[in-house]
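Survey of secondary and tertiary structure
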Amino acid sequence: MENPAASPVLDGVASPDPLFTPITINGRTARNRFALPAMQRASLDFRPTPRMAPTLRAVAEGGCGLIISEGSSPDHPAAYWQQVFSVIGDDTVPEWREVADTVLATPGVLFLMQLWHPGAIRLVVEGMSNPYPDQPTLSASGLVQEGRRNGRAMSEQELGETLAAYVHSARIAQDLGAHGVEIHACHGYFLDQFLWHETNERTDEYGGATLAERAAYPAEIVAAIREATGPDFVISFRFSQWKEVDYTARIAEHPDELGPFLARLRSAGVDLFNVSTRRFDAVAWPELDAKLTLPAWVKSFTDAPVLAIGSVGLSTDFAHDILENEEPRSQAEHDFDRVRLGLEAREFDLIGAGRSQIANPDLVSRVRAGELGAVRSFRKARDLAGVDEHFIHIGQIVAQSRKKD
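Residues numbered from 1 in each chain as written. Predicted model: local features only at pLDDT ≥ 70, side-chain atom pairs only at ≥ 80, totals over all residues. Heavy atoms only, no water.

**Some details on the overall build of the protein chain**
Within the protein chain, the secondary structure is distributed over 14 helices and 20 strands. Evaluated residue by residue, the protein chain yields a buried proportion of 60% over its 405 residues. The long-range share in the protein chain, meaning contacts at least 24 apart out of those at least 6 apart in sequence, stands at 72%. Summing over all exposed atoms, the protein chain offers an accessible surface of approximately 16000 Å²; the carbon and sulfur share of this is 50%. (Helix = DSSP H or I, 4+ residues; strand = E, 2+ residues; numbered from the N terminus. Buried < 20%, exposed > 50% of the residue type's maximum accessible area, 1.4 Å probe, protein only. Contact = heavy atoms within 4.5 Å. Areas by Shrake-Rupley, 256 points an atom, 1.4 Å probe, with all protein chains shown as cover.)

**Quick word on the pairing of strand E19 (residues 306-309)**
Both faces of E19 are covered, namely the face carrying Val 306 and Ala 308 and the face carrying Leu 307 and Ile 309. As judged from the 4 bridges shared by strand E18 (residues 272-276) and E19, these two strands associate in the parallel manner. In the sheet register, Val 275 faces E19, and the bridge partner there is Ala 308. As paired elements, E19 and strand E20 (residues 350-352) share 3 bridges and run parallel to each other. (Pairing = 2+ DSSP bridges.)

**A closer look at the pattern of salt bridges**
Side-chain pairs of opposite charge can arise where the charged atoms are in close proximity. Taken as a whole and assessed by the stated rule, the structure comprises 14 salt bridges. One salt bridge connects Asp 281 with Arg 279, and the closest N-O pair in it is separated by 3.1 Å. According to the relative accessible area criterion, Arg 279 is buried, its value standing at 17%. For Arg 279, the salt bridge goes to Asp 335, with nearest N and O atoms at 3.3 Å. Taken together, the residues Arg 279 in the loop between E18 and helix H8 (294-301) and Asp 335 in helix H10 (residues 332-344) connect sequence positions 56 residues apart. A single network of salt bridges, built from pairs that share partners, joins Arg 279, Asp 281 and Asp 335. (Salt bridge = Lys/Arg side-chain N within 4 Å of Asp/Glu carboxyl O.)

In structure tokens form, the structure reads like this:
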């Protein structure tokens, strides 16, 4: 049965459902506006497990238009932290080739591989395997947040070596057939530590009083990847206000800061902005506008496509669900009505659904058929079966270590 809300009839002609309109990003077309974000559930010992390819294939066959690989590090010693993150390096090419070939076998899917780095969050502790235990933890200024140090600030040489590692991983992704990469710069990790004023105290060209100034190093990485991969490779840039260490943090105190920041990254070569919020429909600056979300503000400042993401279809955000065990309720019917309105109003161009597609690999097909009542809510114990215990073990080790700080 077709969802009546999906195809309104005007003058006897059904309007196309905005959720199922194709979108072209830097010459590459995704068949609809759904995206699967990077979710950590099928990596171990710094490489994809045999589980990753079939889980991504199920989402591709379920109808999703844009699929982003699990978050994976560039092959640099300071980027090795938890084993639930893979590395995109020469040694992991065979596993990644299987993943890429599997996803790309479904027509109409745009496939990106995410590049993530822990930065100052990285810990080397007993009980957590790390091939580089003596490698110093590196970041913009050696800060996890204001007043909380871990590791040290990067030297000019280390900045160059890390940039080269990002470029090398992007070239591997391109050689594997991926349509592009996503640069992770959010949630308080490495590149976000350059963007956030609390974690960037640098006085060289990579610091500064404004967000646009502090974006210098992320923009340099983007520009280097663009030069190495050519004009047709898609580059997505994921950023957020909130951090895992501070849900109320902001890299932009006022929306006016977004314009120069986005322009700098766009000029460097970004094709897509993935704007991560805890709730995709949360108002960003209610004192300035009672309706506009962060993705909507971003959309107002750039001509690049914008992906909105944050707890779509669920009542509880990722942090409270995964980290604090607050089980979410399904609210798919309400949320997808809101998503359609946002697409029609051009507040954003794509919508990411992570946990909802883990619980329902065929989510997109169910939405198209109007079967929202059959959409299951995400349950960690069920939907992360086989990987949950490892997450819990690693989380306990990290939490115990931080209590000692």
